[in-house]
Amino acid sequence: MIQVEHLYKYFSGREVLSDISTEFEQGKCNLIIGQSGSGKTVLMKCLIGLYGIDKGSIFYDRRNIAQMGKKERNLILREMGVLFQGGALFDSMSVYENVVFPLTMFSDLSLVQKRERVDFCLQRVRLEKAHDLYPSQLSGGMKKRVAIARAIAFNPKYLFCDEPNSGLDPKTSIIIDQLIYEITQEFNTTTIINTHDMNSVMEIGDTVSFIYEGKLWWRGSNAQILQTDNEELRQFIYASRFAQEIYQKRT
Amino acid sequence: MKTLHLVGEYILLMRRVFSKPLKMSYFRKQLVENISALGLDSLLIVAIISIFMGAVLTIQTTLQTESPWIPAWTVGFVVRQSVVLEFSPTIVSLFLAGKIGSSIASEIGTMKVTEQIDALETMGINSASHLILPKIVACALANPVLVVISMFLALAGGFMVCVFTTAVPPLQYIDGLTSFFKTFDIYYALFKTFVFAIIISSISGFYGYRTEGGALEVGKASTQAVVGSSVILLLFNVILTKIFLG
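Residues numbered from 1 in each chain as written. Chains lettered and ligands numbered in written order. Predicted model: local features only at pLDDT ≥ 70, side-chain atom pairs only at ≥ 80, totals over all residues. Heavy atoms only, no water.

Caption draft 1: The arrangement of the interface of chain A and chain B in detail. Across the boundary between the two partners, chain A contributes 23 residues, which contact 17 residues of chain B. For the pair chain A and chain B, the two sides together bury roughly 1,700 Å², of which 63% comes from carbon and sulfur. Taken together, the links from chain A to chain B amount to 1 salt bridge. Ionic pairing is found between Asp 108 of chain A and Lys 23 of chain B, a salt bridge with its closest N-O pair at 3.9 Å. Between chain A and chain B we count 3 residue pairs in polar contact (both at pLDDT 80 or more) in total. Across the side of chain A that touches chain B, the residue classes break down as 12 nonpolar, 5 polar and 6 charged. (Contact = heavy atoms within 4.5 Å. Buried area = accessible area lost by both parts, 1.4 Å probe. Salt bridge = Lys/Arg side-chain N within 4 Å of Asp/Glu carboxyl O. Polar contact = N/O pair within 3.5 Å; in protein donor to acceptor, adjacent residues only side chain to side chain. Nonpolar A, V, L, I, M, F, W, Y, C, P; charged D, E, K, R; others polar.)

Put into structure tokens, the structure is as follows:
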């Protein structure tokens, strides 16, 4: 579980995140939603340690990262798997080399053991025959799946996904969502997904945090979200004319 | 003020770069790959430039010293000094600043804008050291070797001019090459090349690493890396020449 308490983040004196307090539960897909520029990516980057925080605390299973030294912080980082928006696969490496990379850097596994682990991870994302391909030879969906395989290679406790569906067609988006959901259940990870895709919210959003203008505006589950009386959240959900028509029919 | 800020940023980055690699075996693998990509891949073009420059230098020197008062072996002596002291260490390094510098800056810049560097950081890897240190060490090892090869080939280029034209008799040219030879000159040239290699790779790595944005910014970073490392290289050339020969 990850707990965020009274988190503030400033850029050049401008408040980007303001008094964010929330929880991300273990074994669940915790979604952070919000429109572009709302601060959800900054929140995600604070959680994965790419940005320092200015005020507040982040607890990873009751371990406060703000009070940790560099070594302890690095140990927490090794418990994380991160799926970046564009996949962030290393261009100069093959799929096999990308997935084996964290194992090479942080484990003393033998070549055979590493090979078995990579085979398992690639099998898990249904890419058994992609070992020797390079990122430039993969489609958008395949890149995301390889990135997921790399993220789970080291058995993460926390899985972070930044806009996992961006640039993907609706069918592939659902496949990626389902894959993340299955992995969360199977490995009992605390999964945090940054998205503005309402399909994802409805498909896999066990908990949903809505960020608006740098503040946590609403928190609940995907079952509750359509019944919300929060005006800003409603405007976000029913942004398209098609969705507005459905909403008017419902009400 | 902006320059001071850049220097400060560079020093801070270098403090991160020069730290112990996380895994030595992986560092050695990266080093070999970088020596191959940055050093071996430059060999052919360095060889071509050196042969032709050596030939041109010999023709030019012959033309400028056409006088019964100047012995013919002087051509060999002047060509050797020019090649050993300036052409091979400085001009070849300037050329390498263009070739290697843009390659390093665009590679690291692309990794930055496509979040590959963020991916390394979130794994708990010091991305600056992981990416830039092997390139600095590779250049520091490979560039002096390239420069030694360049020296031999430039002098050989001059010799070919002597063989195929009537500029200077070949034996006189060789006489000139071996006259007043000081081993110090070679050490000086190699030391200069070593310093230039560190300047080229670290400044290019710095510009690549601070890239923000997209493809356009990667291109800009690549240009800045070449210009920045060339200017600093020329500045250090003056300083080192003054210290060691002045």
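Caption draft 2: Representation of empty space enclosed by the protein in the model. The final tally for this structure, using the stated rule, is 2 cavities of 30 Å³ or more. When its volume is computed, the largest cavity comes out at roughly 170 Å³. What lines the largest cavity is a set of 14 residues, among which Met 80, Gly 81, Val 82 and Arg 150 of chain A together with Met 123 of chain B lie closest to the centre. Within the residue set of the lining of the largest cavity, elements represented by two or more residues are β6 (80-83), α3 (95-106) and α5 (140-152) of chain A together with α4 (116-122) of chain B. With 3 residues, β6 of chain A is the largest single contributor of residues to the lining of the largest cavity. Of the residues belonging to the lining of the largest cavity, the class tally is 10 nonpolar, 2 polar and 2 charged. Along its surface, the second largest cavity is lined by Thr 41, Met 44, Lys 45, Ile 48, Leu 50, Val 82, Leu 83, Phe 84, Phe 160 and Asp 162 of chain A. Counting residues per element, the ones that place at least two in the lining of the second largest cavity are α1 (40-47), β6 and β7 (158-162) of chain A. Ranked by residue count, the leading element in the lining of the second largest cavity is α1 of chain A, at 3 residues. By residue class, the composition of the lining of the second largest cavity is 7 nonpolar, 1 polar and 2 charged. (1 Å grid on protein atoms, 1.4 Å probe; cavity = no way out; pocket = protein on both sides within 12 Å on 5 of 7 lines; lining within 4 Å. Points joined across faces, edges and corners; volume = space filled by probe spheres on them. Helix = DSSP H or I, 4+ residues; strand = E, 2+ residues; numbered from the N terminus.)

Function cannot be read off these values alone, since they describe shape.
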